[in-house]
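# Summary of the model geometry
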Amino acid sequence: MRLDKFICESTGLTRALAKRVLKQGEVTVESEVVKDASMKVSPTMTICLEGEPLSLIGTRYIMMHKPVDTLCSNVDEVYPSVLTLLDEPLLDRLHFAGRLDADTTGLLLITDDGQWSHKVTSPKRECGKRYRVWLAEPLVADAEQQLQDGLELRGESELTRPAQLQRISETEVLLTITEGKYHQVKRMFAALGNKVIGLHREAIGAIELDAELTEGEWRYLTDAEIASVG
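These notes cover the structure that comes with them. (Residues numbered from 1 in each chain as written. Predicted model: local features only at pLDDT ≥ 70, side-chain atom pairs only at ≥ 80, totals over all residues. Heavy atoms only, no water.)

## Considering the overall build of the protein chain
This is how it is decided: In this description a helix means any DSSP run of H or I spanning at least four residues, a strand means any run of E spanning at least two, and both kinds are numbered starting from the N terminus. Here the globule rule reads 2.2 Å times residues to the power 0.38, and the radius of gyration is calculated from C-alpha atoms. A simple rule labels every residue: compare its accessible area, found with a 1.4 Å probe on the protein chains alone, to the largest value its type can have, and call it buried under 20%, exposed over 50%, or partly exposed in between. Here a residue-residue contact requires only that any non-hydrogen atoms of the pair lie within 4.5 Å. For the area figures, the Shrake-Rupley method with a 1.4 Å probe applies, and any residue is considered shielded solely by the protein chains shown. Residues counted as positive are Lys and Arg, residues counted as negative are Asp and Glu, and His and the chain ends are not counted. Here the site of a charge means atom NZ of a Lys, CZ of an Arg, CG of an Asp or CD of a Glu.
The helix and strand inventory of the protein chain stands at six helices and 13 strands. A globule of 230 residues ought to have a C-alpha radius of gyration of about 17 Å, yet the protein chain, at 23 Å, is considerably larger. If you line up the protein chain on its principal axes, its C-alpha atoms span 75 × 35 × 30 Å. Of all 230 residues assigned to the protein chain, the portion counted as buried reaches 43%. Excluding contacts between residues fewer than 6 apart, the proportion of contacts in the protein chain whose partners are at least 24 apart in sequence is 62%. Total accessible area on the protein chain stands at roughly 12,400 Å², and carbon and sulfur atoms take up 49% of it. Charged side chains in the protein chain number 27 positive and 37 negative. The centres of these two groups are separated by 7 Å.

Structure below.
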């Protein structure tokens, strides 16, 4: 890898800024000042910028327990971005593998691997997302069948894909869907004549929200969790 590219990949500097710090003699390779941007380097070499060691940032796969009143956005708006909770460099390279509304809590997957996140979110993959839902009113008796048959949502030309429902109580249920339409869960229960008053995502595919994570906490996914998205 070229030295200037290594600097960009490990710091987030633009190629122009990387060349500038090289020209200014701020970069050392194996303790020797190097100004040649085209020099070939490897991750095993000791490369420093202003005396601080640099290392390539690998592909990141993160699980977060999203708190309420935060946004799945790269910038703060009405509410703060969940990315402000991450102690990670180069936050602008990260994106969400399935967003959650500001008032929704639970499992959020964050990565810089576009192909992996596409597998999570693509309806063709039929990756199930399980939500715990609290409702304003008792659910209609035939909700299971209606959800299995598909619902007609306002503004949509096609019925929703078959969804699975498990009743916990009259007003608390577990819902598993394989789509990710705008406000889909809330719109589905509205189509059933009800209103969602609380929403929490528990799982995406085989990846379950870590019970040890409190709201706002996060950890890296395990190799098995990453591989479960195939």
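## Structural notes on the side chain of Arg132
To keep it simple, the criterion reads: In protein, a polar contact means a hydrogen-donor-capable atom and an acceptor-capable atom, both N or O and within 3.5 Å, with residues adjacent in sequence counting only if both atoms are side-chain atoms; elsewhere, any N or O pair within 3.5 Å suffices.
Positionally, Arg132 belongs in strand E8 (residues 129-135). Of the polar contacts made by the side chain of Arg132, one reaches the side chain of Glu172; its length is 2.7 Å. The residues contacting Arg132, other than those within four sequence positions of it, are Ile168, Glu172, Val173, Leu174, Gly198, Leu199, His200 and Glu202.

## Quick word on the packing of aromatic side chains
Given two aromatic rings, their pairing is described by the distance between the two centres and the angle made by the two planes. Using the following cut-off: Note on ring pairs: Phe, Tyr and Trp rings are taken, using the six-membered ring of Trp, and paired if centres are within 6.5 Å. Classes follow the plane angle, with under 30 degrees stacked, over 60 edge-to-face and the rest tilted.
In this structure the tally under the stated criterion is two aromatic pairs. The interplanar angle of 75° and the centroid separation of 5.1 Å between the aromatic rings of Tyr61 and Trp116 together place this pair among those described as edge-to-face. Here Trp116 lies in helix H3 (residues 114-121) and Tyr61 lies in strand E5 (residues 61-66), a separation of 55 residues in the sequence. Taking the relative accessible area as the measure of exposure, Tyr61 reaches 15% and is therefore buried. Ring centres of Trp218 and Tyr220 lie 5.4 Å apart, and the angle between their planes is 90°; on these two criteria the pair is classed as edge-to-face. Note on Tyr220: relative accessible area 43%, which makes it partly exposed.

## Regarding the nonpolar core
Cut-off, in case you're wondering: Among buried residues, those of type Ala, Val, Leu, Ile, Met, Phe, Trp, Tyr and Cys that are joined through side-chain atoms within 4.5 Å constitute a nonpolar core.
Ranked by internal contacts, the top residues of the largest apolar core, which has 30 residues, are Ile110, Val133, Leu175 and Phe189. Elements with a contribution of two residues or more to this core: E5, strand E7 (105-111), E8, helix H4 (143-149), strand E10 (172-177), helix H5 (184-191) and strand E11 (196-204). In this structure Phe189 touches Val133, Leu135, Leu139, Leu165, Val173, Leu175, Asn194 and Val196, once residues within four positions along its chain are discounted.

## Comments concerning the sheet that holds strand E3 (residues 47-49)
Defined as follows: DSSP-based pairing: two strands are paired if at least 2 bridges between them are found.
Here we have four strands laid out as an open sheet, ordered E2-E1-E3-E4, and antiparallel in their pairing. Unpaired on one side and paired on the other, strand E2 (32-33) and strand E4 (52-53) mark the two borders of the sheet. Across three bridges, the pairing between strand E1 (residues 27-29) and E3 is antiparallel. Its bridge partner being in E3, Thr28 is matched across the sheet by Cys48.

## Focus: H3
Stated precisely, the cut-off is as follows: In this description, one arc is meant: the one made by directions from the helix axis to the C-beta atoms.
Within H3, the full set of buried residues consists of Trp116, Ser117 and Val120. The buried residues of H3 occupy one face: seen down the axis, they fall within an arc of 95°. For H3, the capping residue at the N-terminal end is Asp113, with a side-chain oxygen 3.2 Å from the backbone nitrogen of Gln115.

## Considerations on the pattern of salt bridges
Between side chains of opposite charge, pairing is possible as soon as their charged atoms come close. Spelled out, the test is: A pair is scored as a salt bridge if a Lys or Arg side-chain nitrogen falls within 4 Å of a carboxyl oxygen belonging to Asp or Glu.
The final tally for this structure, using the stated rule, is 18 salt bridges. The residue Arg15 makes a salt bridge to Asp4 at a minimum N-O spacing of 3.5 Å. With a gap of 11 residues between them, Arg15 in helix H2 (residues 15-23) and Asp4 in helix H1 (residues 3-11) connect regions that are remote in the sequence. The exposure class assigned to Arg15 is partly exposed, which follows from its relative accessible area of 38%.

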